[in-house]
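Structural description and commentary
If you want the building blocks of each chain, they are given just below.
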Amino acid sequence: MRGVSRRYGRRWALIDVSFTVPHGKVVMVAGRNGSGKSTLLRVLSTAIRPDLGTAKIEGFDLKHERDDVRRKVAILGHASYTYDELSAIENLQLMARLVGVDSSREAMLHLLNQVGLAERAEDSINTFSAGMRKRISLARVLLQKATVVMLDEPYGQLDPPGFRFIDGMVRHLRDEGVTLLMATHQLERASALCDLGIVLDRGRLTWEGAAKDLPSEGGLEPAGTPEGGP
């Protein structure tokens, strides 16, 4: 990213953000609520466009080569984006067909087993808890076989076993050479998993360094007066 800014109306959510992520690294994106973490991931996944600046993923420009970027990227957002009347396995099969990967029953059951939902494969999503919906969303991320993965608050709505699942998923993706950005408030937990860390404050990048140093050096002090635009 080079000088990326994004606003909603008159409010700037990102202001002149620049950083580089080496291939295959895991990056923790930290900051208080409203600091711009979700906007950052949405811009990088091409869900929204930046108002200023440029960014590339694996050499592809976010503005001009969006389809190429989308073939590289998978994102876990706040919303589950599931079809509630369909079963768990039908939801995954639909996504698999959309992205052009194996949608066989066997492949989908393997994914559901990975996220701990194989026994609920035939149940409608509208019978699932918020945590179970999050696991379905994680299965959708895994089936895309992306080389760049973005996780927005992956620990949210999960129980302790779910926390451990996220930890294992991040380690697995890192071992597979996937580049990963994880926005989270779980600083201590994520710092043990991630290589690098960045901190956003009112849309500005205020700190970057080794993830292990972020909890003590990231400067996540109480918010002050909002700043203006770029």
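These lines cover the structure that appears in this document, whether it is placed above or below.

Cut-offs applied
- Going along each chain's sequence as written, the residues are numbered from 1 onward.
- Only residues with pLDDT of at least 70 are given local features in this predicted model, and only at 80 or more are side-chain atom pairs given and counted; all residues enter the totals for whole chains, interfaces and linings.
- Water and hydrogen atoms play no part in the side-chain values, which are based on all heavy atoms of the structure.
- Here, the term nonpolar core denotes a set of buried Ala, Val, Leu, Ile, Met, Phe, Trp, Tyr and Cys residues that are joined through side-chain atoms within 4.5 Å.
- Three exposure classes are used, based on accessible area relative to the maximum for each residue type with a 1.4 Å probe and protein chains only: buried under 20%, partly exposed in between, and exposed over 50%.
- Strands are runs of DSSP state E lasting at least 2 residues, helices are runs of H or I lasting at least 4, and numbering of each runs from the N terminus.
- We call two residues in contact whenever any of their non-hydrogen atoms come within 4.5 Å of each other.
- Only the stretch in contact is used when fitting a helix axis, every axis being a line fitted to C-alpha atoms; angles between N-to-C directions are given from 0 to 180 degrees.
- Our angle categories are set so that under 35 degrees counts as roughly parallel, over 145 as roughly antiparallel, 65 to 115 as roughly perpendicular, and the remainder as oblique.
- Should the near helix be turned anticlockwise from the far one by less than a right angle, the crossing is left-handed, and should it be turned clockwise, the crossing is right-handed.
- Polar here means any residue other than Ala, Val, Leu, Ile, Met, Phe, Trp, Tyr, Cys and Pro, which are nonpolar, and Asp, Glu, Lys and Arg, which are charged; Gly is therefore polar.
- Pairing of aromatic rings covers Phe, Tyr and Trp, the last through its six-membered ring, and needs centres within 6.5 Å; plane angles under 30 degrees mean stacked, over 60 mean edge-to-face, and all others mean tilted.
- A pair of strands is treated as paired once DSSP finds two or more bridges between them.
- What a helix should span is 1.5 Å times the count of its residues minus one.
- Take a side-chain nitrogen of Lys or Arg and a carboxyl oxygen of Asp or Glu: if they are within 4 Å of each other, that pair is a salt bridge.

Ranked by internal contacts, the top residues of the largest apolar core, which has 48 residues, are Leu112, Val149, Leu151, Met169 and Met182. Top contributing element to this core by residue count: helix α5 (residues 130-143), with seven residues. Apart from residues lying up to four places away in sequence, methionine 169 is in contact with Leu138, Val141, Leu142 and Leu151.

Before going further, it helps to examine the packing of helix α4 (residues 105-114) against α5. The N-to-C vectors of α4 and α5 enclose an angle of 125 degrees; their axes lie 9 Å apart at closest approach. The angle between the axes of α4 and α5 places the two elements in the oblique class. Considering the relative orientation of α4 and α5, their crossing is right-handed. Contacts between α4 and α5 involve Leu111, Leu112 and Gln114 from the former and Ile136, Ala139, Leu142 and Leu143 from the latter. By residue class, the composition of the contact of α4 with α5 is six nonpolar, one polar and no charged.

Glancing now at the packing of aromatic side chains. Per the counting criterion, the structure on display carries one aromatic pair. Ring geometry for tyrosine 155 against phenylalanine 163: centres 5.0 Å apart, planes inclined by 55 degrees, an arrangement best described as tilted. Taken individually, tyrosine 155 and phenylalanine 163 each receive the classification buried, so the pair is uniform in this respect.

All right, on to the pairing of strand β2 (residues 11-17) then. Along β2, five of the seven residues are buried, which leaves the element largely enclosed by surrounding structure. In this structure, strand β1 (residues 2-8) lies alongside β2, joined through four bridges in antiparallel fashion. Residue pairing in the sheet places arginine 7 in a bridge with tryptophan 12 of β2. Following β1, the chain reverses through two residues before pairing antiparallel with β2; glycine 9 in that reversal takes a positive phi of roughly 65 degrees.

Taking 1.5 Å as the rise per residue, α5 with 14 residues should run 20 Å; its terminal C-alpha atoms sit 20 Å apart, in good agreement. Counted residue by residue, α5 has 13 buried out of 14 residues, so it is predominantly covered.

Let's shift gears to the sheet that holds β2. The pairing of strands in a sheet comes from backbone hydrogen bonds and takes either a parallel or an antiparallel form. Here three strands make up an open sheet; going across it, the order is β2-β1-β4 and the pairing antiparallel. Strands at the two margins of the open sheet, each flanked by one partner only, are β2 and β4 (52-54). Adjacent strand axes in the sheet meet at a mean angle of 20 degrees, parallel and antiparallel pairs treated alike.

Inspection of the secondary structure puts serine 45 in the loop between α1 (37-44) and β4. Serine 45 has contacts with Arg70, Val73, Ile75 and Met150, leaving out every residue within four places of it along the chain.

It is worth spelling out the pattern of salt bridges at this point. Oppositely charged side chains are able to pair whenever their charged atoms sit close together. If you walk through the whole model with that rule in mind, you get ten salt bridges. Here aspartate 68 makes a salt bridge to arginine 71, at a shortest N to O gap of 2.8 Å. Here aspartate 68 pairs with arginine 71, and both are found in helix α2 (residues 66-72), just three residues apart, close to one helical turn. Residue classification places aspartate 68 among the partly exposed positions, given a relative accessible area of 25%. Classification of arginine 71 as exposed rests on a relative accessible area of 60%. Aspartate 123 serves as the salt-bridge partner of arginine 120, at 2.3 Å between the closest nitrogen and oxygen. According to the relative accessible area criterion, arginine 120 is partly exposed, its value standing at 26%. Taking the relative accessible area as the measure of exposure, aspartate 123 reaches 28% and is therefore partly exposed. Here the salt bridges share partners, and the residues they tie into one network are Arg32, Asp201 and Arg202.

This is a description of form; function is not addressed.
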